[in-house]
Amino acid sequence: MCYFLNPNVTYTLLLTPLVFGTCSFVINGKSVPSLSYVDDLNWSYMFRNPQLATTLSNTYGNGHYAVDIVKYNSNGNNICNGYKMYSVGRGKVVYKDNTSSTGWYVVVKLDCGLTVRYLHMDTQNDVMVNIGDTVTPSTYIGNVGSLGAGSTGPHLHFDINNFDSYYGNNFSASNTYNPQLFFDEI
Ligand SMILES: [Zn+2]
């Protein structure tokens, strides 16, 4: 039994698991490495009410293999600075750092084999997890910020890759996923 997360996307089950086995998926033509549990792709959205940021200021593709998620008020002002971000699934924090392009960022390797990154936190104090931490969808990852070259305002740059990349090198259409496929909210 496998699940359909987004009604517009076909998730193809390649190998039928027994009850809790390993199965493989193809999502829009790219395979997901493994699923130790069939609900591993039943991801939780990273923003929660009342801090629910669901607007995209930049979408996936054309060299930007991620989504940029923001929140504007009715006057068009960006109000998501400091919004709390939570883990989208079960996994482990494998890296955190501050670079000129990313600001403070966190990398989580999910149990399903995919690696996700949360970019542009402003300070070390905005990062709520440490390398080696186990995370679940209730784990508070950090606060939205705008640190990093090219960031023009507070937003979460969230990306998903299948080659364990922490640094953003060699991101391409073939080794990343459009995060919109995983969340009905955006
Ligand atoms: Zn971005």
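Residues numbered from 1 in each chain as written. Predicted model: local features only at pLDDT ≥ 70, side-chain atom pairs only at ≥ 80, totals over all residues.

Quick look at the overall build of the protein
- Helix and strand content of the protein: 0 helices and 13 strands.
- Helices and strands appear in the protein in the N-to-C order β-β-β-β-β-β-β-β-β-β-β-β-β.
- Counted over contacts in the protein with a minimum sequence separation of 6, partners at least 24 positions apart contribute 55%. (Helix = DSSP H or I, 4+ residues; strand = E, 2+ residues; numbered from the N terminus. Contact = placed C-beta atoms within 7 Å.)

Re the nonpolar core
- Residues Met85, Val106, Tyr118 and Phe158 are the most contacted members of the largest nonpolar core, which totals 38 residues.
- No other element matches strand β8 (residues 103-110), which puts 6 residues into this core. (Core = buried A, V, L, I, M, F, W, Y, C linked by C-beta atoms within 7 Å. Buried ≥ 20, exposed ≤ 12 C-beta atoms within 10 Å, placed from the backbone.)

Thoughts on the environment of Asp97
- Here Asp97 is to be found in strand β7 (residues 91-99).
- Look at Asp97 and you get partly exposed, because 14 C-beta atoms sit within 10 Å.
- The spacing of Asp97 and Val107 is 10 residues in sequence and 9.0 Å in space, taken between C-alpha atoms.

Side note on the environment of Ser151
- With respect to the helices, strands and loops of the structure, Ser151 is situated in the loop between β11 (140-143) and β12 (156-161).
- By the C-beta count within 10 Å, which is 18 here, Ser151 ends up partly exposed.
- Separated by 83 residues in the primary sequence, Ser151 and Asp68 place their C-alpha atoms 10.0 Å from one another.
- Leaving out residues up to four positions away in the same chain, Ser151 has contacts with Gly103, His120 and Ser146.

Quick notes on the environment of Gly145
- Within the secondary structure, Gly145 is located in the loop between β11 and β12.
- Owing to 24 C-beta atoms within 10 Å, Gly145 belongs among the buried residues under this scheme.
- When the C-alpha positions of Gly145 and Leu156 are compared, they lie 7.4 Å apart, and in sequence the two are 11 residues distant.
- What Gly145 contacts, discounting residues up to four positions off in sequence, is Asn81, Gly103, His120, Met121, Asp122, Asp126 and Pro154.

Some words on unusual backbone geometry
- Here the amide bond leading from Asn49 into Pro50 is cis, since omega sits at 0 degrees, within 30 degrees of zero.
- If you trace the backbone, Pro50 turns up in the loop between β3 (30-35) and β4 (55-58).
- You will see that Asp164, though not glycine, has its phi angle at about 60 degrees, which is positive.
- With respect to the helices and strands, the residue Asp164 is situated in the loop between β12 and β13 (176-177).

What to know about the confidence of the model for the protein
- For the protein, mean pLDDT is 84; residues scoring 70 or higher make up 78% of the total.
- Segment residues 1-8: pLDDT under 50, and 14 contacts once partners within four positions in sequence are set aside and those in other chains are kept. (pLDDT = per-residue confidence, 0-100.)

Quick word on the pairing of strand β9 (residues 115-121)
- Among the 7 residues in β9, 7 count as buried, and that is most of the element.
- Joining the antiparallel neighbours β8 and β9 is a turn of 4 residues, in which Gly113 adopts a positive phi near 105 degrees.
- Where β9 meets β12, 5 bridges bridge the pair, whose relative direction is antiparallel. Residue pairing for β12: Arg117 is matched across the bridge by Asp159. (Pairing = 2+ DSSP bridges.)

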